[in-house]
Amino acid sequence: EVQLVQSGAEVQKPGESLRISCQGSGYSFRSFWISWVRQTPGKGLEWMGRIDPSDSSTKYSPSFEGHVTISADKSISTASLQWSSLKASDTAIYFCARHHKIQDAFDIWGQGTMLTVSS
Amino acid sequence: QSALTQPASVSGSPGQSITISCTGTSSDVGGHHYVSWYQQYPGKAPKLMIYDVSHRPSGVSNRFSGSKSGNTASLTISGLQAEDEADYYCSSYTFTNTRVFGGGTKVTVL
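Note that the structure is predicted; figures quoted are calculated from it, not measured. (Residues numbered from 1 in each chain as written. Chains lettered and ligands numbered in written order. Predicted model: local features only at pLDDT ≥ 70, side-chain atom pairs only at ≥ 80, totals over all residues. Heavy atoms only, no water.)

*Asks:* How should the layout of surface pockets be read in this particular structure?
*Replies:* Taken as a whole, the largest pocket holds about 340 Å³ of empty space. Counting residues per element, the ones that place at least two in the lining of the largest pocket are β9 (92-99) and β11 (113-117) of chain A together with β7 (86-93) and β9 (105-109) of chain B. For the lining of the largest pocket, the residue count by class is 8 nonpolar, 12 polar and 4 charged. (1 Å grid on protein atoms, 1.4 Å probe; cavity = no way out; pocket = protein on both sides within 12 Å on 5 of 7 lines; lining within 4 Å. Points joined across faces, edges and corners; volume = space filled by probe spheres on them. Helix = DSSP H or I, 4+ residues; strand = E, 2+ residues; numbered from the N terminus. Nonpolar A, V, L, I, M, F, W, Y, C, P; charged D, E, K, R; others polar.)

*Asks:* Looking at this structure, I do not really get the sheet that holds strand β5 (residues 64-69) of chain B. What am I missing?
*Replies:* Pairing between the strands of a sheet comes from backbone hydrogen bonds, and it takes one of two forms, parallel or antiparallel. All names here are of chain B. Pairing in this open sheet of 3 strands is antiparallel, and the strands run β2-β6-β5 from one edge to the other. The strands lining the two open edges of the sheet, one partner per strand, are β2 (18-23) and β5. Averaged over all pairs of adjacent strands, the angle between their axes in this sheet comes to 20°, without regard to strand direction. Direction of pairing for β2 relative to strand β6 (residues 72-77): antiparallel, over a ladder of 6 bridges. (Pairing = 2+ DSSP bridges. Axes fitted to C-alpha atoms, helices over the stretch in contact; angles between N-to-C directions.)

*Asks:* How do you make sense of the interface of chain A and chain B when you look at a structure like this?
*Replies:* Accessible area lost upon the coming together of the parts serves often as the stated size of an interface. Tallying the contact residues gives 23 residues for chain A and 19 residues for chain B. Overall, the association of chain A and chain B removes approximately 1700 Å² of surface from exposure, summing both partners, and the carbon and sulfur fraction of that is 61%. Where chain A touches chain B, the interface holds 1 salt bridge. For the pair chain A and chain B, the interface holds 5 residue pairs in polar contact (both at pLDDT 80 or more). (Contact = heavy atoms within 4.5 Å. Buried area = accessible area lost by both parts, 1.4 Å probe. Salt bridge = Lys/Arg side-chain N within 4 Å of Asp/Glu carboxyl O. Polar contact = N/O pair within 3.5 Å; in protein donor to acceptor, adjacent residues only side chain to side chain.)

*Asks:* Looking at this model, I keep getting lost on the pattern of salt bridges. Mind explaining?
*Replies:* For side chains bearing opposite charge, pairing can occur when the charged atoms are close. All names here are of chain B. Counted under the stated rule, the structure contains 5 salt bridges over all chains. Between Asp84 and Arg63 there is a salt bridge; the shortest N-O distance is 2.7 Å. Of this pair, Asp84 sits in the loop between β6 and β7 while Arg63 sits in the loop between β4 (47-50) and β5, placing them 21 residues apart in sequence. Across the pair, exposure class does not vary: Asp84 and Arg63 are buried alike. (Buried < 20%, exposed > 50% of the residue type's maximum accessible area, 1.4 Å probe, protein only.)

*Asks:* Which parts of the structure should I look at to understand the packing of aromatic side chains?
*Replies:* The relative placement of two aromatic rings is captured by the distance of their centres and the angle of their planes. Taken as a whole and judged by the stated rule, the model has 11 aromatic pairs over all chains. Consider the rings of Phe106 of chain A and Tyr38 of chain B, whose centres lie 5.8 Å apart with planes at 35°: the pair is tilted. Residue Phe106 of chain A is found in strand β10 (residues 106-109), and its partner Tyr38 of chain B is found in strand β3 (residues 35-40); the two belong to separate chains. Through a chain of ring-to-ring contacts, the aromatic side chains of Phe95, Phe106 and Trp109 of chain A together with Tyr38 and Phe101 of chain B assemble into a single cluster. Between Arg99 of chain B and the ring centre of Trp47 of chain A, over which it is positioned, the NZ or CZ distance is 5.9 Å. (Phe/Tyr/Trp six-rings, centres within 6.5 Å; stacked < 30°, edge-to-face > 60°. Lys NZ or Arg CZ within 6 Å of the ring centre and 35° of its normal.)

*Asks:* How should the nonpolar core be read in this particular structure?
*Replies:* Taken as a class, soluble globular proteins show a tendency for nonpolar side chains to be buried jointly. Residues Ile34, Trp36, Leu81, Trp83 and Tyr94 of chain A are the most contacted members of the largest nonpolar core, which totals 24 residues. Where this core is concerned, the elements lending two or more residues are β3 (18-25), β4 (33-39), β5 (45-52), β8 (78-83), β9 and β11 of chain A. (Core = buried A, V, L, I, M, F, W, Y, C linked by side-chain atoms within 4.5 Å.)

*Asks:* Is there a simple way to explain the sheet that holds strand β7 (residues 69-73) of chain A in this structure?
*Replies:* Residue and element names in this part refer to chain A. Strand order in the open sheet formed by 4 strands is β1-β3-β8-β7, and the pairing between neighbours is antiparallel. Of all strands in the sheet, those with a lone pairing partner are β1 (3-6) and β7, marking the two edges. With strand direction ignored, the average angle separating the axes of adjacent strands in the sheet is 20°. Summarising the sheet, β3 and β8 pair through 6 bridges and their orientation is antiparallel. By the bridge assignment, Leu18 is partnered in β8 with Trp83.

*Asks:* Any chance you could explain unusual backbone geometry here in plain terms?
*Replies:* Trans peptide bonds make up most of the peptide bonds, and negative phi angles are found at most residues other than glycine. One non-glycine residue, Asp104 of chain A, lies in the positive phi region at around 50°. With respect to the helices and strands, Asp104 of chain A occurs in the loop between β9 and β10. Phi at Asn97 of chain B takes a positive value of approximately 65°, unusual for a residue other than glycine. In this fold, Asn97 of chain B is placed in the loop between β7 and β8 (99-101). Classification of Asn97 of chain B by relative accessible area gives partly exposed; the value is 26%.

This is how it looks when you write it as structure tokens:
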């Protein structure tokens, strides 16, 4: 079965650092991009950026560039999303998605990671 | 990059057809065929319903169809069923090599 499994919910304080993960299985991890998508409570979806696990090249949305870092370790089929200094406004659900290079669509999604940032 | 424009809500009775629009610009929706649609139930991850404007992934009902005219893409659900009640999002490639989603449309089955 093709799936993406994300790390569990997090509760963090403003200013702290954090990394959440997304592990792929059932397919060739390096053959598809991984995108990260944010969903704030009661709001819509926002594309944050994507990584090509084959060479770790990245592309970020201007709205998120400089605030988050996307990385990948193809040896363990895992992509990560990292913050160096969290803000309360980072409170959201974060989804990873398999990003088909040819169709340019997000065809497999992780279950989501809920992040709460509060003092 | 501004979000694509979708109606906040669309409703219909069982058996009817409804259409959800997704309006962008010539730099995104209107410039290529990389438009996709997603269905999301509350508390769940989105699911791909349409890719490349009008193609359905394996396993998606043929009651779902997609089209595009100019800068506006559309998702049509025919033979509306109670299980179609969900949020729907469009997404597009952009000429700056980023991706953008629509604001989402809540579909209500009356």
